[in-house]
Amino acid sequence: MKTTIYEREYKLGKDGVLQLGRSTLIMGILNVTPDSFSDGGRYNDTERAVAHALKLVEEGADMIDIGGESTRPGHEKVGAEEELSRVIPVIEAIHKQAPHIPLSIDTYKAQVARQAILAGAHIINDIWGFKDDPEMPKTAAELGCPVILMHNRRDRHYTDLIEDVKRDLMESVEIARQAGVQDQQILLDPGIGFAKDYDENLQVMASLDQLVALGFPVLLATSRKRFIQTVLDAPAQDVLEGTAATVAYGIAQGCQIVRVHDVQQVKRTAKMCDAMTYGSIELERI
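Criteria and thresholds
- Residues numbered from 1 in each chain as written.
- Predicted model: local features only at pLDDT ≥ 70, side-chain atom pairs only at ≥ 80, totals over all residues.
- Heavy atoms only, no water.
- Helix = DSSP H or I, 4+ residues; strand = E, 2+ residues; numbered from the N terminus.
- Rg over C-alpha atoms; globule rule 2.2 N^0.38 Å.
- Buried < 20%, exposed > 50% of the residue type's maximum accessible area, 1.4 Å probe, protein only.
- Contact = heavy atoms within 4.5 Å.
- Pairing = 2+ DSSP bridges.
- Axes fitted to C-alpha atoms, helices over the stretch in contact; angles between N-to-C directions.
- Parallel < 35°, antiparallel > 145°, perpendicular 65-115°, else oblique.
- Left-handed = near helix turned anticlockwise from the far one by under 90°.
- Nonpolar A, V, L, I, M, F, W, Y, C, P; charged D, E, K, R; others polar.
- 1 Å grid on protein atoms, 1.4 Å probe; cavity = no way out; pocket = protein on both sides within 12 Å on 5 of 7 lines; lining within 4 Å.
- Points joined across faces, edges and corners; volume = space filled by probe spheres on them.
- Core = buried A, V, L, I, M, F, W, Y, C linked by side-chain atoms within 4.5 Å.
- Expected span 1.5 Å × (residues − 1).
- Bend = angle between axes of the 7 residues up to and from the residue.
- Lys, Arg positive; Asp, Glu negative; His and termini not counted.
- Salt bridge = Lys/Arg side-chain N within 4 Å of Asp/Glu carboxyl O.
- Phe/Tyr/Trp six-rings, centres within 6.5 Å; stacked < 30°, edge-to-face > 60°.
- Lys NZ or Arg CZ within 6 Å of the ring centre and 35° of its normal.

**Things to note about the overall build of the protein chain**
Along the protein chain, the regular secondary structure elements total ten helices and twelve strands. Taking 286 residues into account, the globule formula puts the C-alpha radius of gyration at 19 Å, and the protein chain, at 17 Å, falls close to it. Counting every position in the protein chain, which comprises 286 residues, the buried fraction comes to 58%. For the protein chain, the proportion of contacts with a sequence separation of at least 24, taken over those separated by at least 6, is 68%.

So, in structure tokens, the structure goes:
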């Protein structure tokens, strides 16, 4: 089976470039929230958040994803002002100390996305795939930054799970296109753990190659997710091997970015996978 690898360059601001097609990129997770499912409250002050971000980079992160609102099941929504007060000081501080590190803002609010990009972030990571805030597509187009469109939905009634996920993702792509976002700036995320139960998460994992075939690079975010905890019968902080297994499987199916908490260990996993995937004569580059 050939693994499809998309060779893309994503422009980051005036000078930076994010290069896909040479190796798997590692996105380190930085939650500046009091209630995230795995690390809530650990990095919700600027000094600790910046220190952790720099540690993730030292461990091998190629970029940092910064979130100011928990998206765990049952989370409480926060307003834009509160979210901004959490993320902007952290973005500014990281950008000042490590301006070469790409930063992603994990938000579905256009106001937060705009201020974050202006403060030094480079990428918008929207868990609602441009389907929550009607201002987000236009904002992203105006900013000209890369966007990650994640699969999510409020209606959990699937007719055909994989076909529905593919259709939902392409609806997000079309929303982005209509607003003026270029295809070269779009990445997709299958939304593991969002609007899917245990069996559905496993089905999507088993069908990642079909999502890669939609024509856009795919980011896989499985780190410490509940379906892994269920399989291993272990708490979130004790499922590293399970996360690594999903990462290895995802890379083999064509995912090119992985979003993780345990950067150092997953970086080693990805490096071994890359030796087989990116170095294979069966590689199909697009």
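Back to the text.
**Structural notes on the sheet that holds strand β10 (residues 219-220)**
One open sheet accounts for eight strands, arranged β9-β8-β7-β6-β5-β4-β11-β10; its pairing is parallel. Every interior strand has two partners, whereas the edge strands, β9 (186-189) and β10, have only one. Bridge count between strand β4 (residues 25-31) and strand β11 (residues 257-260): four bridges; the pairing is parallel. The residue bridging glycine 28 from the neighbouring strand is valine 260, located in β11. Against the sheet, helix α10 (residues 263-277) contacts β4 and β11, and its axis sits at roughly 165° relative to β4.

**Concerning the environment of threonine 277**
With respect to the secondary-structure elements, threonine 277 resides in helix α10. C-alpha of threonine 277 to C-alpha of lysine 109: the two residues are 168 residues apart in sequence and 36 Å apart in space.

**Describing the packing of helix α3 (residues 110-119) against helix α4 (residues 136-143)**
α4 packs onto α3 with a crossing angle of 15° between their chain directions and a minimal axis gap of 9 Å. One element, α3, and the other, α4, form an angle in the roughly parallel class. The two elements α3 and α4 meet at a crossing, and its hand is right-handed. Between α3 and α4, the residues in contact are Ala110, Ala113, Arg114 and Ile117 and Met136, Thr139, Glu142 and Leu143, respectively. Grouping the constituent residues of the contact of α3 with α4 by class yields five nonpolar, one polar and two charged.

**What to know about empty space enclosed by the protein**
In total, this model carries one cavity of 30 Å³ or more according to the counting rule given. A volume near 40 Å³ is recorded for the largest cavity. Along the walls of the largest cavity sit Glu69, Thr71, Glu83, Asp106, Thr107, Tyr108 and Lys109, which together make up its complete lining. Per-class residue counts for the lining of the largest cavity are one nonpolar, two polar and four charged.

**Notes on the nonpolar core**
One finds Leu30, Ile64, Ile66, Ile91, Ile124 and Ile186 to be the most contacted residues of the largest nonpolar core, which totals 70 residues. Considering every element that reaches this core, the biggest residue donor is helix α2 (residues 80-97), with eight residues. For isoleucine 186, the contacting residues outside a window of four places in its chain are Tyr10, Val147, Leu149, Val173, Ala176, Val181, Phe216 and Pro217. One finds Tyr10, Leu12, Met63 and Ile123 within the second-largest nonpolar core, a separate group that totals 13 residues.

**Overview of α2**
With 18 residues, α2 extends 25 Å between its outermost C-alpha atoms, agreeing within 8% with the 26 Å of an ideal straight helix rising 1.5 Å per residue. Along α2, the sharpest kink reaches roughly 25°, centred on valine 87 and followed within four residues by the proline proline 89. Of the residues making up α2, those classed as buried are Ala80, Glu83, Leu84, Arg86, Val87, Ile88, Val90, Ile91, Ala93 and Ile94. Its buried side turned inward, α2 meets β4, α1 (46-59), β5 (63-67), β6 (103-106) and α3.

**Points about the side chain of aspartate 189**
If you trace the backbone, aspartate 189 turns up in strand β9. An unpaired buried charge is present at aspartate 189: no salt bridge exists, and arginine 259, the closest side chain of opposite charge, is 6.5 Å distant. Apart from residues no more than four positions distant in its own chain, aspartate 189 is found in contact with Ile148, Leu149, Met150, His151, Leu169, Leu219 and Ala221.

**Considering the pattern of salt bridges**
With the rule as written, the count across this model stands at 19 salt bridges. Of the charged contacts, one joins lysine 267 and aspartate 62 as a salt bridge, the two residues approaching to 3.5 Å between their closest N and O atoms. With lysine 267 in helix α10 and aspartate 62 in the loop between α1 and β5, the pair connects residues that are 205 residues apart, well separated along the chain. Judged by relative accessible area, which is 29%, lysine 267 ranks as partly exposed. A salt bridge links glutamate 171 to lysine 131; its shortest N-O distance comes to 3.1 Å. A residue pair is termed long-range when its members are at least 10 positions apart, and glutamate 171 in helix α5 (residues 161-179) and lysine 131 in the loop between β7 (123-126) and α4 qualify at 40 residues. Accessibility expressed as a relative area gives 29% for lysine 131, which makes it partly exposed.

**Looking at the packing of aromatic side chains**
On inspection of all chains with the given rule, the structure shows zero aromatic pairs. A cation sits over an aromatic face here: lysine 109 above tyrosine 108, 4.4 Å from the ring centre. Taking the ring centre of tryptophan 128 as reference, the NZ or CZ of arginine 154 above it sits at 4.0 Å.

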